[in-house]
Amino acid sequence: MNRCRNPEHPHCTVWVLPGDTVCAHGHAQPQAVAPAAAPASIDTITAAHAAPVLQRPQLHISGFDPRAAGGRQAIRLELRGMPMDCAPEVRMLVRSALRLRGGESYIFQRTSRGDWRPLFLEFSSRGLEHGQYRIEVELHSRHPQAPDAARTWTCSPVILVPRQDASLGEIHQAFLATHKNVRVTADDAGIARVHAPGGGRVDIDVTARNASIAQVKLDPENGKVDLGFSTIAWDEDLIEIDLPAERDPHPCPASSACLLLADADSATQRHVRLFALDECVLGRFEATEPEADLLLSYHSDAGAEPGGLTRRISGRHAVIRRGRGGFEIEDVSRFGLLVDGVWPGKHTPVPLRLGMRIELTASIKGIVSLEVTAVLAHALVLHRTDGGARAECYVLMAPDVVPAAAAPGDCLPPAEAMPLLFHRDGGFWRLDQASGTETPLAPGLAAAGLGGPDQQVRFTALAYPDARISRRSPGDRRGHVAASHYLS
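These remarks concern the structure in this document.

### Notes on the overall build of the protein chain
Each helix and strand in the protein chain was counted, giving three helices and 37 strands. Evaluated residue by residue, the protein chain yields a buried proportion of 39% over its 488 residues. Counting contacts in the protein chain only where the partners sit at least 6 residues apart, residues at least 24 apart contribute 55% of the total.

### Overview of unusual backbone geometry
With the exception of glycine, the majority of residues adopt a negative phi angle, and the majority of peptide bonds are in the trans configuration. Positioned with a positive phi, Asp400 is a non-glycine residue whose angle comes to about 55°. With respect to the helices, strands and loops of the structure, Asp400 is situated in the loop between β31 (392–397) and α3 (413–416). Note on Asp400: relative accessible area 54%, which makes it exposed. With phi around 55°, Asp425 is a residue other than glycine that occupies positive phi space.

### Re the nonpolar core
Ranked by internal contacts, the top residues of the largest apolar core, which has 34 residues, are Leu294, Ile320, Ile329 and Tyr394. Mapped onto this core, the elements with two or more residues apiece are β20 (279–284), β21 (294–296), β24 (318–323), β25 (326–331), β28 (357–360), β29 (368–375), β30 (379–384) and β31. If near-sequence neighbours (up to four positions away) are discounted, Ile329 is found in contact with Ala318, Val319, Ile320, Leu337, Val339, Thr348, Pro349, Val350, Leu352 and Ile358.

### Brief notes about the sheet that holds strand β4 (residues 72–80)
Spatially, β6-β8-β4-β3-β16 is the arrangement adopted by the five strands of the open sheet, whose pairing is antiparallel. On the outer flanks of this sheet lie β6 (99–100) and β16 (232–237), each paired with one strand and no other. As paired strands, strand β3 (residues 58–64) and β16 are joined by five bridges and run antiparallel to one another. By the bridge assignment for β16, Gln58 is matched with Asp237.

### Structural notes on the environment of Gly81
Mapped onto the elements, Gly81 comes out in the loop between β4 and β5 (89–96). Judged by its relative accessible area of 24%, Gly81 falls in the partly exposed class. Filtering out sequence-adjacent residues up to four positions away, Gly81 remains in contact with Gln55, Arg56 and Pro57.

### Remarks on the environment of Ala405
Along the polypeptide, Ala405 turns up in the loop between β31 and α3. Between the C-alpha atom of Ala405 and that of Leu420, which follows or precedes it by 15 residues, the distance is 7.2 Å. Among all residues touching Ala405, those that are not within four sequence positions of it are Leu420 and Gln433.

Conventions adopted
- Along each chain, residues carry numbers from 1 onward, in the same order as the chain's sequence is written.
- Only residues with pLDDT of at least 70 get local features here, since the model is predicted, and only at 80 or more are side-chain atom pairs given and counted; chain-wide, interface and lining totals rely on the full set of residues.
- Only heavy atoms go into the side-chain values, all of them from the structure, while hydrogens and water stay out.
- Secondary structure elements follow DSSP: runs of H or I of four or more residues count as helices, runs of E of two or more count as strands, with numbering from the N terminus.
- Residue exposure (1.4 Å probe, protein chains only): buried if accessible area is under 20% of the type maximum, exposed if over 50%, otherwise partly exposed.
- In this analysis, two residues are considered to be in contact whenever any of their non-hydrogen atoms come within 4.5 Å of each other.
- What we call a nonpolar core is a set of buried Ala, Val, Leu, Ile, Met, Phe, Trp, Tyr and Cys residues that are connected through their side-chain atoms within 4.5 Å.
- A pair of strands counts as paired when DSSP detects no fewer than two bridges linking them.

Shown next, in the form of structure tokens:
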């Protein structure tokens, strides 16, 4: 016994007895293939009974009842027309503004008959405004023994959440009007009749007004007719995506790091602190639970002083981010900041340009003074011009942005000798501009080219290894600092 194999009706799932020329819905069956020896694999079955027309993969959605808006709903999902070379288990990832009850990951399993076990997606629209909500669906087929055979499909069904006082007629008019290919209307005592003895798919919308008569007559010669009006079902075409080749994982994933120069001199900094964040928060160095990413303290002739003037720096003093026009800084502090000697105003982003000077704070100068020494498409370099000039400088990078070599006029002398660094695949890289070679940065790997000819450079995946900062979780700025001050 086989399912209906009429190429013009790929969604028909009626079983056909051996020898029958039509299915229960009246669909003609292609010429039967002569019996042959038992096939050795499912690939042999597919080759012997291949349909003359390629069937498109679809996600069949059924059981949707808009009248349950505001409460818990469940829709049935079925895979149809999937190629036989996909994995026996297909993972489905779901995202939506609707409140999903069963999580965002599901698995379709192929049965021994070759079809797919259906899944149920449960969600709720309680507390959401009425309207249309998109459900983003991704289907991933992965063969553990054949990673090159990976395939991915996507679709975006739309779920209608009607008003609380909407009638069923209004719901059908708004949601189903685009799903009809036959519309019959009887007005002013007219009579409308529809007769469908079989054949192609017919979605009918019938309206009768003003004492009119609307009659729908479905008399197939074979099989039965199932009519259901309480729920809605439809098909979503699955679009296959061409997957790019996956890169090897980075040997040392990190969003902040540091280059330690063992032989620092007057022209270089002992710590080159690296940050790759969408927003980098500048703030006060704290012994416990710092609120910022880039921690700053006042430096005197004796070194860093966590107390005293450092208390004039707010826990969250400024934010640097990469906007549409490049990198910009925004004051979010109590004590203010100066950009080229001018206070820009609180919560007012200011584009950063080469040579700009930043003072933290606005009331007392010299606590922390920074200079923009390089502005690239993917990175920003800041050098201290105060007492901490020999202690540290900072490189702020936009994650996963293609690096661009510095053009003439993009760098000031303090940044000209620095290597070209960028962030990709969760970790830091160095780009050799002469050869184009990209080298991942990780502890223990070769650090050639990161410093001068007589310098020893060490990479660490901690932005402040001298303070031994530990974060509670990745990206959590409220961490704990084990040391009370910078080590000399």
